Amino acid sequence: MTHTPPEATAKKPRPPLRVFLPMIAVGVTFALYSLYWFIVADKLRTSFEAFAKTAHPGGVAVGWNDLEISGYPYRIAATLAAPVATAPQAPEDWSWQAESLEADFLPYNLRHVVLKIGGEQLFTYRDVSGSAPKSHTLRATAAGGTWASYVDVPGLPVGRLAIDIGNLVAELDGAPQSAPSERFAAGRLQLHLRPAEETVKTGEAPILASLAGSYDLALQGDDMAFARADALPVLGSKIELIAVQARLRNVPRNEHASFVEFSRNWMQRGGTLAISDLVVKWGPLDMWAQGELTLDAEARPKGTFQAEVANYPALLDALVKARLVKERDAQLAKVGLGLFSELQGTGENRIRVPITMTDGKLYLGPLFVSKLDPVY
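Residues numbered from 1 in each chain as written. Predicted model: local features only at pLDDT ≥ 70, side-chain atom pairs only at ≥ 80, totals over all residues. Heavy atoms only, no water.

Asker: Please clarify how unusual backbone geometry should be interpreted in this entry.
Answerer: A negative phi angle is the norm for most residues apart from glycine, just as the trans form is the norm for most peptide bonds. For the bond running from Y72 to P73, omega is 5°, close enough to zero to count as cis. If you check the backbone angles, A82 has positive phi at about 55° while not being a glycine. Along the chain, A82 falls in the loop between β3 (76–81) and β4 (84–87). In this structure, A299 takes a positive phi of about 65° despite not being glycine. With respect to the element layout, A299 can be found in the loop between β14 (285–295) and β15 (301–310). (Helix = DSSP H or I, 4+ residues; strand = E, 2+ residues; numbered from the N terminus.)

Asker: Would you take a moment to explain the packing of aromatic side chains for this structure?
Answerer: For any two aromatic rings, the description comes down to two numbers: the centre-to-centre distance and the angle of the planes. Applying the stated rule across the entire model yields 10 aromatic pairs. Measuring from centroid to centroid gives 5.9 Å for Y363 and F368, while their planes differ by 70°, and the two rings are edge-to-face. Classification of F368 by relative accessible area gives partly exposed; the value is 27%. Among the aromatic residues, those joined into a ring-pair cluster are W37, F38 and Y72. (Phe/Tyr/Trp six-rings, centres within 6.5 Å; stacked < 30°, edge-to-face > 60°. Buried < 20%, exposed > 50% of the residue type's maximum accessible area, 1.4 Å probe, protein only.)

Asker: How should I be thinking about the environment of F184 in this particular structure?
Answerer: Looking at the secondary structure, you find F184 in strand β10 (residues 182–200). Sequence separation of F184 and L172 is 12 residues, and the distance between their C-alpha atoms is 8.5 Å. Not counting chain neighbours up to four residues away, the residues in contact with F184 comprise L168, V169, A170, L189, M224, A225 and F226. (Contact = heavy atoms within 4.5 Å.)

Asker: So what exactly am I meant to see when it comes to the pairing of strand β7 (residues 134–142) here?
Answerer: The side chains of a regular strand alternate, residue by residue, between the two faces of the sheet. Note that strand β6 (residues 109–127) and β7 share seven bridges and pair antiparallel. Looking across to β7, one finds that T124 is bridged to T137. The antiparallel pairing of β6 with β7 creates a hairpin that spans six residues between the two strands. Note that β7 and strand β9 (residues 160–172) share five bridges and pair antiparallel. (Pairing = 2+ DSSP bridges.)

Asker: How do you make sense of the nonpolar core when you look at a structure like this?
Answerer: Core analysis: the biggest nonpolar cluster contains 49 residues, and L273 and M287 have the highest contact counts within it. With six residues, the single largest contributor to this core is helix α3 (residues 312–321). Residue contacts for M287: discarding those within four places in its chain leaves L278, V279, V280, A307, E308, V309 and I355. The next biggest cluster of nonpolar side chains, apart from the first, holds 22 residues, and it includes V40, I76, W96 and F105. (Core = buried A, V, L, I, M, F, W, Y, C linked by side-chain atoms within 4.5 Å.)

Any link to function would need more than the numbers given here.
Quick look at the structure:
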């Protein structure tokens, strides 16, 4: 008599190997990526250390107290403790230092870096605008953070740059606990810079081509204030908004990392700043304008703008209060500007007027508003 074993004790078939292939593939991919990450991170550390030992154009020297690499697996973060940069060969003989600097890279794109600066920043420089150079110290903190994004563009001296600073407080020549000589605060500052491009028509389809020596920039400042209200008696010390969109033409290559040298070379090359959109809300001034700006022989802003000014009666009252315009003349101007406003059809208390910067003076139509100092 034969005995048939129960089904429970029958031998179960083994699952085919293909069932485990996806898990094996994931494990191999993860191992290869981990190996790649650590190789790239080690090379990045080596590059940072070599960068600090290399003599850079313009004599800029960099250094730090400690370098830590982290961020696995999504990014490569290089954190520098007490970073320092100096340029003793520049006319300003400037130096910069901060408490920390974090540089974040994507493992698959090392041309793009995101920077975060932590703690107080200290910037020293030499003012060469006068007959006797003076040294200054600028201390700055940003409670809302200081961020920057930079994308290297092969073949160009400067790639794409974006800077975002929140809740900035800067003090010039004064310790944080003492009464500084000058103080500036801003709710937010933003800067965007990129190589300029234009549309070029070809035989097939329009393409974007780079404009050599030109850069597009956008700059915006919100909720800004100066410590001294007498700096510009007409406009006051508080600025609600300044926003600029412009194209910087004839940008020179500079030997040193110097704003003074850049300005001189830019002026010698006939450089211009073509502003397509300028919005200013500063005290009694509420204005939109566009035009071109350059520097005169004494490095003072020079140019002409077409502007539209809102609430011009308040601006005239501010000129009277600053004793730059007599009360009787201001009243006559209000009547005359009111007639122009009706003829132009710009709306109530709005008028289109030219803005002129010449011989170190700023004019709104025929009215003198402020003096203009050299930029260096």
